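Below, each chain spelled out in residue letters.
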2 protein chains.
Amino acid sequence: MNTNRQWTLAKRPFGMVGPDNFEYRETPIPTPGDGEVLVRNLYLSFDPTQRGWMEDRESYMPPVQLDEPMRAGSVGQVAESNHPDFNTGELVQTLGNWQDFVVVKPAQGLPGLTKLPPGVDPELMLSVLGTTGLTAYWGLLDLGNPQSGETVLVSGAAGATGSVAGQIARIKGCRVVGIAGGPDKCAWLTDEARFDGAIDYKSEDVDARIGELCPNRVDVFFDNVGGGILEAALNHINMRARVVLCGGISSYNATEPVPGPANLMNLVINRARMEGFIIIDYFDRMAQAANDLMGWIQSGELIYQNDIQEGFENIPQTLTRLFTGQNRGKQLLKIADPS
Amino acid sequence: MNTNRQWTLAKRPFGMVGPDNFEYRETPIPTPGDGEVLVRNLYLSFDPTQRGWMEDRESYMPPVQLDEPMRAGSVGQVAESNHPDFNTGELVQTLGNWQDFVVVKPAQGLPGLTKLPPGVDPELMLSVLGTTGLTAYWGLLDLGNPQSGETVLVSGAAGATGSVAGQIARIKGCRVVGIAGGPDKCAWLTDEARFDGAIDYKSEDVDARIGELCPNRVDVFFDNVGGGILEAALNHINMRARVVLCGGISSYNATEPVPGPANLMNLVINRARMEGFIIIDYFDRMAQAANDLMGWIQSGELIYQNDIQEGFENIPQTLTRLFTGQNRGKQLLKIADPS
């Protein structure tokens, strides 16, 4: 291989993101400068937040620029290193973009360059032990603060983040109910991930089912969806409930503003709180989370699903899978095996 | 006087509350039992939250029942006492309802029976030193936690609660901008209450004006209004902003659910919090608030407006004034002078 394949952002999306927002091109393999590392991407992470990065607006990270390779988390292998801490062949995690090769200057900005711990494979590093798992861990525990015996409701519950958040709540002694799309996902939640209940938003009355499955009301709502799901959940919050705003995937591809919940006064009546967070603020506390998560995986208390697509040519349509609900757990794409 | 005049809830409101929701009747003056006190109401308090009490739904207090006198805060005078702590002629605050006389059992439930401190007149007791002022004080300080140099935005800013919240923020060293309806209220905010800026939502582009008047963005938004005002404010929140949900008067008289803000994701991007509260949770900390508020009034740092209507027959239409914006500051109605 002597070219650096890329998928660049060709056109900002209006409505549902799709392959026509991206353009394929081949460029020369970049050369690392002093103190820099050349990484060959092996696995790409797909995350709903990428949809926001494609918009030309202020956010927690600058927008991806047109004609630049699309930004994405990745695990790769050091191909060439001008940095004393990194050696050729080592597996590393970074923000590698949709391309074969990326030049990274370690310790310069987020998320830098992190070596995979021993025994952690690329798939695990990009899912439960990566940003996804950290998001579930810190969002639930720091903002949600679930107490044993409380009821925790999770939307997008079969997704990469939601499924981990719900299981952590179960590990912490909570009653856990998940909302997901379709009978397969719901069966996975109750049968495999051991949620106490699951609601299929595609075929059930979410509001009524929350009432049935959460007889003591909802103490923590971990929301990945927003819109009507958030409104339904707010009808069932308990006194001093915590609504953890992790994401709002229901509106990410909307062409017009999607109205928010009409029942925010329920926050007043119930002295409840709704709070947002971005996981980059927790990177300095990554070790504690990774340690707990790894322990729960090893003890069998925490399971996860990775949905691994393959082939560089399939990158754009793999992103769309997140927004059509096709993904089963964490969406990844494998570009190549380690050499 | 040998009858107890009452305005009862005759019909639950649909849409704007008005006199036809109430019915006038005359009943015998009730007799206090053992340990009870008969209070003659002199002043009634009018509060937006009363609109919620008229709905037949679960809330932080039970709904007012049909054919019962409408619930309201009041200051009255002890007319007859079978309780050792209260003497005939003393001025007291209670939930007296829309009637001349109420029987209260002190220390039984909220808000009990509180004597007016020396030097505090009925008007002050029902405004800055009453539930209204406490709401502003604890909502702003406990939930909003404003720091010197931060920017505090207040909606319903010329109202009884908003005007106090904004002035407390100014006293705490914040830049304070208020949103109110009409040039008179806005002039009062900047000229009398010494807000740093005022926005007339009836004639100005609220979103644009917040941007102009809050160049460092909004750290605390004290919201009494909800709806489009809340959405506009969320466009300008700062990192780690606190949105204090005090009320949502814009939707209280709506006949259909009013959509919430379409931009709740701004809470995520800015790691911001939106939280509701009910002042009854703070009654045990009333003394601290009253002490501070009284001090600021005496030093001239805190001013207030009381809008005092008169006449028992005008009670129902006085409530409507709150929702049409006719009130100037705290809405009260005087039934009678102390004897």
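Caption draft 1: A look at the interface of chain B and chain A. Listed by partner, the interface residues are 30 residues for chain B and 30 residues for chain A. Together chain B and chain A conceal approximately 2500 Å² of surface at their shared face, both sides included; 61% is due to carbon and sulfur atoms. Looking only at chain B, the three residues that lose the most surface to chain A are Met265(B), Val268(B) and Arg271(B), adding up to 22% of its buried area. Here chain B is connected to chain A by six salt bridges. Arg271(A) is the partner of Asp281(B) in a salt bridge, and the nearest nitrogen-oxygen pair spans 2.6 Å. Taken together, the elements giving at least two residues each to the side of chain B that touches chain A come down to strand E12 (237-245), helix H8 (265-269) and strand E13 (273-276) of chain B. Class assignment of the residues belonging to the side of chain B that touches chain A gives a composition of 20 nonpolar, five polar and five charged. Sheet topology places strand E13 (residues 273-276) of chain A next to E13(B); three bridges connect them, and they run antiparallel.

Caption draft 2: Looking closely at the confidence of the model for chain A. Averaged over chain A, the pLDDT score is 95; the fraction of residues at 70 or greater is 99%. Both scores are available for the predicted complex, with the pTM at 0.94 and the ipTM at 0.94.

Caption draft 3: Summary view of the relation of the copies chain B and chain A. Superposing chain B onto chain A takes a rotation of 180° combined with a translation of 0.0 Å along the rotation axis, leaving an RMSD of 0.0 Å. The superposition of one copy onto the other is thereby described by a two-fold rotation axis. Judged by C-alpha distance, Gly260(B) is the residue of chain B that lies nearest the rotation axis, at 2.0 Å. Looking at chain B, 100% of its interface residues are interface residues in chain A too, so the copies touch through the same face.

Caption draft 4: Inspection of the packing of helix H3 (residues 131-144) of chain B against helix H4 (residues 160-171) of chain B at higher detail. Residue and element names in this part refer to chain B. Where H3 meets H4, the axes come as close as 8 Å, and the angle between the chain directions of the two elements is 45°. Overall, the two elements H3 and H4 adopt an arrangement that is oblique. In the crossing of H3 with H4, the sense of the turn from one axis to the other is right-handed. Here Thr132, Gly133, Thr135, Ala136, Tyr137, Leu140 and Leu141 of H3 come into contact with H4, specifically with Ala160, Thr161, Val164, Ala165, Ile168 and Ala169. The class makeup of the residues in the contact of H3 with H4 is nine nonpolar, four polar and no charged.

Caption draft 5: Spatial organisation of the environment of Lys202(A). Residue and element names in this part refer to chain A. Relative to the assigned elements, lysine 202 resides in the loop between strand E10 (197-200) and helix H6 (206-213). Judged by relative accessible area, lysine 202 falls into the exposed class, the value being 54%. When the C-alpha atoms of lysine 202 and proline 183 are compared, they prove to be 9.0 Å apart, with 19 residues separating the residues in sequence. Those residues in contact with lysine 202 that lie beyond four places of it in its chain are Gly181 and Gly182.

Caption draft 6: A look at the nonpolar core. Among the nonpolar cores identified, the biggest contains 198 residues, and Met274(A) and Met274(B) are the most heavily contacted of them. Leave out the neighbours within four places in its chain, and Met274(A) touches Leu230(A), Leu234(A), Val243(A), Leu245(A), Leu264(A), Leu267(A), Leu264(B), Leu267(B), Ala272(B), Arg273(B) and Met274(B).

Caption draft 7: Just the packing of aromatic side chains, in detail. In this structure the tally under the stated criterion is 16 aromatic pairs over all chains. Here Tyr137(A) and Trp138(A) contribute two aromatic rings whose centre-to-centre distance is 5.0 Å and whose plane-to-plane angle is 80°, an arrangement assigned as edge-to-face. Of the two residues, Tyr137(A) and Trp138(A), neither departs from the other in class, the shared state being buried. Each ring, one from Phe277(B) and one from Tyr282(B), has its centre 6.3 Å from the other, and the planes form 80°; the classification is edge-to-face.

Caption draft 8: Representation of the environment of Val177(B) in the model. Structurally, Val177(B) can be placed in strand E9 (residues 175-180). Leave out the neighbours within four places in its chain, and Val177(B) touches Val152(B), Leu153(B), Val154(B), Phe195(B), Gly197(B), Ile199(B), Leu213(B) and Cys214(B).

Caption draft 9: View of helix H10 (residues 315-324) of chain A. Residue and element names in this part refer to chain A. Within H10, eight of the 10 residues are buried, leaving the element largely enclosed by the surrounding structure. Inspection of H10 places Ile315, Pro316, Thr318, Leu319, Thr320, Arg321, Leu322 and Phe323 among the buried residues, and these make up the whole buried set. Buried positions along H10 lie against strand E1 (3-9), strand E2 (22-28), strand E3 (37-46), helix H1 (49-53), strand E14 (306-310) and strand E15 (330-334). Positive phi shows up at glycine 325, right after H10, with a value of about 75°.

Caption draft 10: Representation of helix H6 (residues 206-213) of chain B. Residues and elements named next belong to chain B. Among the residues of H6, Val206, Ile210 and Leu213 are the ones counted as buried. Buried residues of H6, seen end-on, are gathered within an arc of 75° and therefore sit on one face of the element. Where the residues of H6 are buried, they touch strand E8 (151-155), E9, strand E10 (197-200), strand E11 (218-223) and helix H7 (227-234). The distance from a side-chain oxygen at the start of H6 to the backbone nitrogen of aspartate 207 is 3.1 Å, and the residue carrying that oxygen is aspartate 205.

Basis of the calculations
Residues numbered from 1 in each chain as written. Chains lettered and ligands numbered in written order. Predicted model: local features only at pLDDT ≥ 70, side-chain atom pairs only at ≥ 80, totals over all residues. Heavy atoms only, no water. Contact = heavy atoms within 4.5 Å. Buried area = accessible area lost by both parts, 1.4 Å probe. Salt bridge = Lys/Arg side-chain N within 4 Å of Asp/Glu carboxyl O. Helix = DSSP H or I, 4+ residues; strand = E, 2+ residues; numbered from the N terminus. Nonpolar A, V, L, I, M, F, W, Y, C, P; charged D, E, K, R; others polar. Pairing = 2+ DSSP bridges. pLDDT = per-residue confidence, 0-100. Least-squares fit on C-alpha atoms with pLDDT ≥ 70 in both. Axes fitted to C-alpha atoms, helices over the stretch in contact; angles between N-to-C directions. Parallel < 35°, antiparallel > 145°, perpendicular 65-115°, else oblique. Left-handed = near helix turned anticlockwise from the far one by under 90°. Buried < 20%, exposed > 50% of the residue type's maximum accessible area, 1.4 Å probe, protein only. Core = buried A, V, L, I, M, F, W, Y, C linked by side-chain atoms within 4.5 Å. Phe/Tyr/Trp six-rings, centres within 6.5 Å; stacked < 30°, edge-to-face > 60°. Arc of directions from axis to C-beta. Polar contact = N/O pair within 3.5 Å; in protein donor to acceptor, adjacent residues only side chain to side chain.

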